[in-house]
Amino acid sequence: MLPPHTASFVNGKPIESDTCFTCENPATQETICELSSANGSIVDLAVKSAGIAYEETWGKYSIGKRQKVLENLAAMIRENKDELIKLESTENGVPITIVEKFSVAALEKNISHFASWIDKITSDVIPVTSATGFDFTLKEPFGVAAIITAYNTPSLFLGSKAGAALAAGNSVVIKPSPLASFPALKFAQLAKEAGLPDGTVNVILGDHKVGSDLISNKSVDIISFTGSAFAGKQVANAANKYLTPTILELGGKSPNLIFPDANLDSAAFQSAIGAFALTGQACVAGSRIYVHEEIYDQLVDKLIAMTKLLKVGDPAEKQTVLGPLITQSHLNKVTSTVYDAVQKGGNIVLGGDRPTSELPLGYFFNPTIITGLKESDRILKDEIFGPIVAVQKFRDEDEAVRLANDTKYGLGAAVWTKDISRALRISRQLRAGMIWINAYGVVPHTAPFGGFKQSGHGKEGGKYGIEMYLQSKNIYVDAN
Ligand code: NAD
């Protein structure tokens with residue numbers, strides 16, 4: 001499956017440079033195509049075009065016109081859904097069923113949802129002490145939003161980031177991961193066909209150097225970044241140069257606490273999905289499962305049984321749940337992490353190896369469950385971003401909370417219990433942006449999504465998401 005064109009898309013048309021990078025299918029190791037990488041002058045042109053669109057067209061549209069155009073875009077995304085699914089799956093190896101239900105569904109939902117917010121954003125009238133004074137606020141877009149995204153759910157990011165930024169009236173320059181460029185190229189084409197003026201949606205292709213050029217451009221008014229905490233810190237440092245506001249959606253090491261009174265079948269099944277969906281390449285992956293010692297053995301057995309139901313295989317097949325990892329180097333990293341954990345006394349109770357026979361070429365790794373790790377083990381500390389889950393014991397509620405919070409991250413956390421008082425008590429104490437009770441990883445597109453601590457700052461989703469791309473201006477009038 002090939003994208004509509006193979007170069008950056010600036011001011012309504014593709015623009016080539018003389019450097020290219022190769023796109024590979026991680027399920028087969030086959031080269032899909034060569035993409036033309038943006039250079040410094042293409043980045044500058046993209047930001048300039050976005051600035052002009054903001055000043056002269058998109059930023060000047062009435063809210064009714066803006067809403068109509070984004071509704072058109074949502075309709076076109078629905079019409080082109082199958083192509084978007086194939087484009088995403090071919091390039092990042094995520095199985096088509098998962099891309100459809102998770103990433104492309106979120107794109108379509110978010111564009112229509114944010115379009116519906118456009119005529120519902122209100123401002124405030126502020127009380128003042130003066131008898132002749134009036135004070136009110138206006139909510140205004142920032143201008144040019146730079147959007148830099150990760151490889152795992154590229155269509156979803158287009159909805160949650162570009163959708164919110166555009167609905168708020170900003171123009172965008174999108175720098176997708178070089179491992180997942182196709183959805184952004186298709187999105188830009190659809191945006192043009194839907195009636196967004198040239199320059200409103202620009203896509204620049206390439207690696208972190210292109211991203212770095214983009215965020216160092218002084219005409220960028222807001223930066224929205226999704227990626228690792230490592231890269232997020234570099235982005236934050238670069239943004240400091242012009243004090244450009246940032247939204248940072250970074251990594252996680254999310255804990256999942258299971259108590260004896262929980263529905264253990266449901267907990268085991270959803271914990272398996274929570275840990276292994278997207279082959280563990282999910283920011284909210286529930287990669288640390290803590291189980292009360294009374295039910296530990298029982299839960300581990302159930303988790304193994306549930307995990308065995310998850311098919312590892314060809315992403316193009318509808319039954320597949322786990323596709324390949326993204327690259328050879330990522331596969332090497334995941335493999336060596338598991339090897340290291342075993343050397344340090346970890347016990348592999350499922351997986352720990354690559355599938356044999358029918359899937360020899362892609363970067364596949366079996367879903368892996370490890371027990372008996374020391375608290376300091378890096379599998380419990382670092383984001384592995386692969387199909388590896390650690391299952392550890394706890395004695396009581398206090399210990400469960402302490403272990404759950406023992407991380408530099410704070411993206412999601414779950415608690416499984418029928419005791420609602422305990423669930424709420426623990427939810428208060430967990431330091432994470434999203435808490436699930438008797439569920440894992442559910443993220444309604446209407447709810448605020450975002451992390452605490454080194455999982456980043458800022459929110460995506462619903463009114464919280466669109467408000468990130470608006471700034472309040474206060475106006476005082478003396479009517480004397
Ligand atoms: P990554 O950090 O390697 O790259 C993300 C994007 O940033 C890419 O487009 C990359 O080219 C760009 N980039 C990297 N360094 C940069 C720099 N210094 N300046 C500008 N741009 C730079 O991440 P990845 O491997 O693509 O994705 C995996 C990471 O993303 C994981 O840590 C995962 O948890 C995180 N993630 C977070 C969320 C969330 O919403 N919190 C969602 C998905 C993924």
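Treat the numbers as computed from the prediction; the structure is a model and nothing was measured.

(A) Structural detail: the overall build of the protein chain. For the protein chain, the helix and strand inventory stands at 15 helices and 22 strands. For 480 residues, the compact-globule formula gives about 23 Å, and the C-alpha radius of gyration of the protein chain, at 23 Å, lands near that figure. Oriented by its inertia axes, the alpha-carbon framework of the protein chain measures out at about 75 × 60 × 40 Å. Classification of the 480 residues of the protein chain by burial places 57% in the buried group.

(B) Quick look at the pairing of strand β13 (residues 288-292). Of all five residues that make up β13, five are buried, and the element is covered over most of its length. A two-sided burial pattern is seen for β13, the buried positions comprising R288, Y290 and H292 on one face and I289 and V291 on the other. The sheet contact formed by strand β12 (residues 255-258) and β13 spans four bridges and is parallel. Looking at β13, one finds that N256 is bridged to I289. Viewed along the sheet, the connection from β12 through helix α9 (residues 264-276) into β13 turns out right-handed.

(C) Highlighting the packing of helix α2 (residues 63-79) against helix α6 (residues 182-194). Interaxial distance between α2 and α6 falls to 9 Å at its minimum, and their mutual angle equals 130°. Here α2 is positioned oblique relative to α6, judged by the angle of their axes. Both α2 and α6 take part in a crossing whose hand is right-handed. When α2 is examined against α6, the residues V69, N72, L73, M76 and I77 are found in contact with a partner set consisting of F187, L190, A191, E193 and A194. A class-by-class count of the residues in the contact of α2 with α6 yields eight nonpolar, one polar and one charged.

(D) Just the state of the cysteines, in detail. Summed over the entire model, instances satisfying the criterion amount to zero disulfides. C33 carries a free sulfur, and the closest cysteine sulfur to it, the one in C23, is 4.6 Å from it. A residue is classified by how much of its surface remains accessible, and C33, at 10% relative accessible area, is buried.

(E) Representation of the pattern of salt bridges. Applying the stated rule across the entire model yields 19 salt bridges. Its salt-bridge partner being D265, residue K302 comes within 2.7 Å of it at the nearest N-O pair. Placement of K302 in helix α10 (residues 296-308) and of D265 in helix α9 is noted, with a sequence separation of 37 residues between them. We classify K302 as partly exposed; its relative accessible area is 23%. D265 sits in the partly exposed class, given a relative accessible area of 42%. Overlapping salt bridges bring together E375, R395, E399 and R402 as one network.

(F) Expanded view of the sheet that holds β13. Pairing is mixed in the open sheet, where seven strands are placed in the order β14-β15-β16-β13-β12-β18-β19. Each of the sheet's edge strands pairs with one partner strand only, and the pair in question is β14 (347-350) and β19 (434-437). Between one strand and the next, the sheet's axes are offset by a mean angle of 25°, whatever the strand orientation.

(G) Molecular detail of the site of the ligand. Neighbouring the ligand are 30 residues; K175, S228, Q234, L250 and E383 lie closest to it. In this structure, an oxygen atom belonging to the ligand sits 3.5 Å away from a main-chain N or O atom of H208. E383 has a polar side-chain atom sitting 2.5 Å from an oxygen atom of the ligand. Here the ligand has 850 Å² of accessible area as a free molecule, and 88% of this is covered by the chains. Of all the elements in the fold, those that place two or more residues in the shell around the ligand are α7 (208-215), β10 (222-226) and α8 (229-239). If one sorts the elements of the shell around the ligand by residue count, α7 sits on top with four residues. Of the residues belonging to the shell around the ligand, the class tally is 15 nonpolar, 11 polar and four charged.

(H) Spatial organisation of unusual backbone geometry. Not every positive phi belongs to a glycine, and N11 is a case in point at roughly 50°. Of note, N11 is situated in the loop between β1 (8-10) and β2 (13-15). Although it is not a glycine, K453 adopts a positive phi angle of roughly 50°. Tracing the backbone through its elements, the reader meets K453 in strand β20 (residues 452-453).

(I) Just the nonpolar core, in detail. Membership of the largest hydrophobic core comes to 96 residues, with the highest contact counts inside it found for L73, I174, F187 and L196. Counting residues in hydrophobic clusters, the runner-up holds 27 residues, among them L325, V338, A341 and V415.

(J) The arrangement of the layout of surface pockets in detail. The calculated volume of the second largest pocket comes to roughly 280 Å³. Contributing to the lining of the second largest pocket are 18 residues, with I63, R66, K139, A168 and L470 lying nearest its centre. Counting residues per element, the lining of the second largest pocket draws most heavily on strand β6 (residues 133-141), at four residues. A class-by-class count of the residues in the lining of the second largest pocket yields 11 nonpolar, three polar and four charged.

Thresholds applied
Residues numbered from 1 in each chain as written. Predicted model: local features only at pLDDT ≥ 70, side-chain atom pairs only at ≥ 80, totals over all residues. Heavy atoms only, no water. Helix = DSSP H or I, 4+ residues; strand = E, 2+ residues; numbered from the N terminus. Rg over C-alpha atoms; globule rule 2.2 N^0.38 Å. Buried < 20%, exposed > 50% of the residue type's maximum accessible area, 1.4 Å probe, protein only. Pairing = 2+ DSSP bridges. Right-handed = clockwise from strand over helix to strand, strands pointing away. Axes fitted to C-alpha atoms, helices over the stretch in contact; angles between N-to-C directions. Parallel < 35°, antiparallel > 145°, perpendicular 65-115°, else oblique. Left-handed = near helix turned anticlockwise from the far one by under 90°. Contact = heavy atoms within 4.5 Å. Nonpolar A, V, L, I, M, F, W, Y, C, P; charged D, E, K, R; others polar. Disulfide = S-S within 2.5 Å. Salt bridge = Lys/Arg side-chain N within 4 Å of Asp/Glu carboxyl O. Near = heavy atom within 4 Å. Polar contact = N/O pair within 3.5 Å; in protein donor to acceptor, adjacent residues only side chain to side chain. Areas by Shrake-Rupley, 256 points an atom, 1.4 Å probe, with all protein chains shown as cover. Core = buried A, V, L, I, M, F, W, Y, C linked by side-chain atoms within 4.5 Å. 1 Å grid on protein atoms, 1.4 Å probe; cavity = no way out; pocket = protein on both sides within 12 Å on 5 of 7 lines; lining within 4 Å. Points joined across faces, edges and corners; volume = space filled by probe spheres on them.

Structural measurements only, silent on function.
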